[in-house]
Amino acid sequence: MPAKRWQDDEVTTSVLEGKKIALLGYGIQGRAQACNMRDSGIDVIVGLRRGSKTWESAEADGHRVMEMSEAAEAADIIHFLIPDMEQAEVYLNHVSSHLRNGDTISFSHGAAIHWKWIIAPSTVDVIMVAPKGPGQLVRELYLQGFGTPSLVAVHQDYTKKAWDKVLAIAKSIGSTKPGVLQTSFKEEVETDWFGEQVDLCGGVHSLIMSAFDTLAENGYQPEVAYFECLHELKLIVDLIQKYGLTGMYNRVSETARYGGLTRGPRVIGDETRKKMKEILEEIRSGKFADEWVSAYKKDGKYSFVRNMKEIENHQLEKVGKELRRMMWPGEAEVTTT
């Protein structure tokens with residue numbers, strides 16, 4: 001059954017009139033959503049820890065900034081835009097005691113609610129607006145008069161107006177222009193994590209590095225291998241995003257089309273699909289969530305530094321840095337700390 005969807009002309013922000021929305025966090029996604037909401041006429045408060053690096057940035061953007069507890073107390077809707085692993089502590093220490101009957105807690109990712117890191121009282125609405133794009137794109141497309149599509153969900157509808165609220169927030173950040181799709185917290189978390197692990201991040205980085213190593217180990221120049229296995233990937237992904245897989249194949253050379261169609265299934269075959277199913281089961285069972293919580297409790301944001309350093313020290317990355325300096329002089333590289 002196709003997902004229920006909404007377009008811009010089907011949604012109004014009237015339910016948010018007279019309401020204050022506290023956005024907790026001002027990273028790339030937080031800044032984008034806060035600015036879009038404000039520019040849509042929504043009464044926005046940015047909640048941050050005193051001394052946060054982003055406090056001055058939020059003020060410079062023209063926002064009213066408060067400490068998290070003050071923002072939660074002042075708001076009718078508290079929208080979490082801080083990292084997943086910080087949300088439970090912030091909820092417990094800065095939000096829970098300020099919730100009134102009929103208030104709303106809102107998220108852009110469903111993990112904290114789905115895995116019960118946060119258990120909301122039965123007297124509030126619990127909603128989610130999850131833009132399907134990075135914060136920079138959320139802001140850029142809004143300023144162009146368009147928007148980034150979002151997934152929307154209601155976990156708890158105490159007021160019987162939760163769907164009106166979630167759709168109004170989606171409209172205020174520009175998402176109803178391209179359209180929003182209904183999901184659940186469970187579906188959003190499990191599909192989001194699966195996509196990140198086997199395809200968008202984990203699968204792509206492993207495929208790129210393996211392809212690069214195969215060429216470099218067989219005597220090809222690493223610079224040429226970089227262009228063929230990494231640099232040109234963006235060109236193909238852009239075609240796929242705009243035209244789909246069939247459209248991409250219809251826009252590449254006949255040799256690329258024949259080779260891709262006949263060799264691709266040999267690279268990503270039955271054994272890879274088996275591993276994908278194993279990873280999906282780890283996500284669905286909660287095993288990955290437990291592993292990630294345990295790692296974060298032990299090492300915090302440094303839980304993945306060793307793995308990041310291994311990639312950073314790989315020949316692919318060393319060659320890539322030099323080539324990127326050649327193509328985009330002056331662009332700063334972000335290194336692992």
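Above this note sits the structure.
Within each chain, residue numbers correspond to sequence positions counted from 1 in written order. A pLDDT threshold of at least 70 governs which residues receive local features in this predicted model, and a stricter bar of 80 or more applies before side-chain atom pairs are shown or counted, although totals over entire chains, interfaces and linings include all residues. The side-chain figures draw on all heavy atoms in the structure; neither hydrogens nor water molecules are used.

Asks: Before we move on, can you summarise the overall build of the protein with the specific residues and values?
Replies: Strands here mean DSSP runs of E at least two residues long; helices mean DSSP runs of H or I at least four residues long; both are numbered from the N terminus. The helix and strand inventory of the protein stands at 16 helices and nine strands. All radius of gyration figures rest on C-alpha atoms, and the globule criterion is 2.2 Å times the number of residues raised to 0.38. Against the globule reference of 20 Å for 337 residues, the protein gives a C-alpha radius of gyration of 22 Å, in line with a compact fold. Each principal axis of the C-alpha atoms in the protein carries an extent, and together these give about 65 × 45 × 40 Å. Working definition: with a 1.4 Å probe on protein chains only, accessible area under 20% of the residue-type maximum means buried, over 50% means exposed, and in between means partly exposed. Taken over 337 residues, the protein has a buried fraction of 39%. Residues count as neighbours in contact if any of their non-hydrogen atoms are within 4.5 Å of one another. For the protein, the proportion of contacts with a sequence separation of at least 24, taken over those separated by at least 6, is 65%. Working convention for charge: Lys and Arg count positive, Asp and Glu count negative, and His plus the chain ends are omitted. The atoms used to mark charge sites are NZ of Lys, CZ of Arg, CG of Asp and CD of Glu. If you average the places of the 41 positive and of the 48 negative side-chain charges in the protein, the two averages end up 2 Å apart.

Asks: Lay out the side chain of His109 in plain terms, naming residues and giving numbers.
Replies: In this fold, His109 is placed in the loop between β6 (104-107) and α5 (111-114). Taking the relative accessible area as the measure of exposure, His109 reaches 10% and is therefore buried. In the analysis that follows, any N or O atom pair within 3.5 Å is treated as a polar contact, provided that within protein one partner can donate a hydrogen and the other can accept it, and provided that, for residues neighboring in sequence, both atoms belong to side chains. For His109, the side chain forms a polar contact with the side chain of Asp84, separated by 3.5 Å. Only 3.0 Å separates the side chain of His109 from the side chain of Glu188, close enough to count as a polar contact. Residues contacting His109, with those up to four places away along its chain left out, are Asp84, Met128, Glu188, Val189, Asp192 and Trp193.

Asks: Residue-level account of the environment of Asp76, with values.
Replies: Tracing the backbone shows Asp76 in the loop between α3 (68-74) and β5 (77-80). For the pair Asp76 and Tyr243, spaced 167 residues apart in sequence, the C-alpha to C-alpha distance is 41 Å. Aside from chain neighbours lying at most four places away, what touches Asp76 is Gly18, Lys19, Lys20, Arg100, Asp103 and Thr104. A polar atom in the side chain of Asp76 sits 2.8 Å from the backbone nitrogen of Lys20.

Asks: Break down the pattern of salt bridges for me, citing the residues and quoting the values.
Replies: By definition here, a salt bridge exists when the distance from a side-chain nitrogen of Lys or Arg to a carboxyl oxygen of Asp or Glu is within 4 Å. Under the counting rule described, the total for this entry stands at 19 salt bridges. Here Arg50 ties to Glu67 by a salt bridge, and the two come within 3.3 Å at their closest N and O atoms. Highlighted residues: Arg50 in the loop between β3 (43-48) and α2 (55-60) and Glu67 in strand β4 (residues 64-67), separated in sequence by 17 residues. Owing to a relative accessible area of 56%, Arg50 belongs among the exposed residues under this scheme. Within the structure, one salt-bridge network assembled from shared partners comprises Lys20, Asp43 and Arg64.

Function cannot be read off these values alone, since they describe shape.
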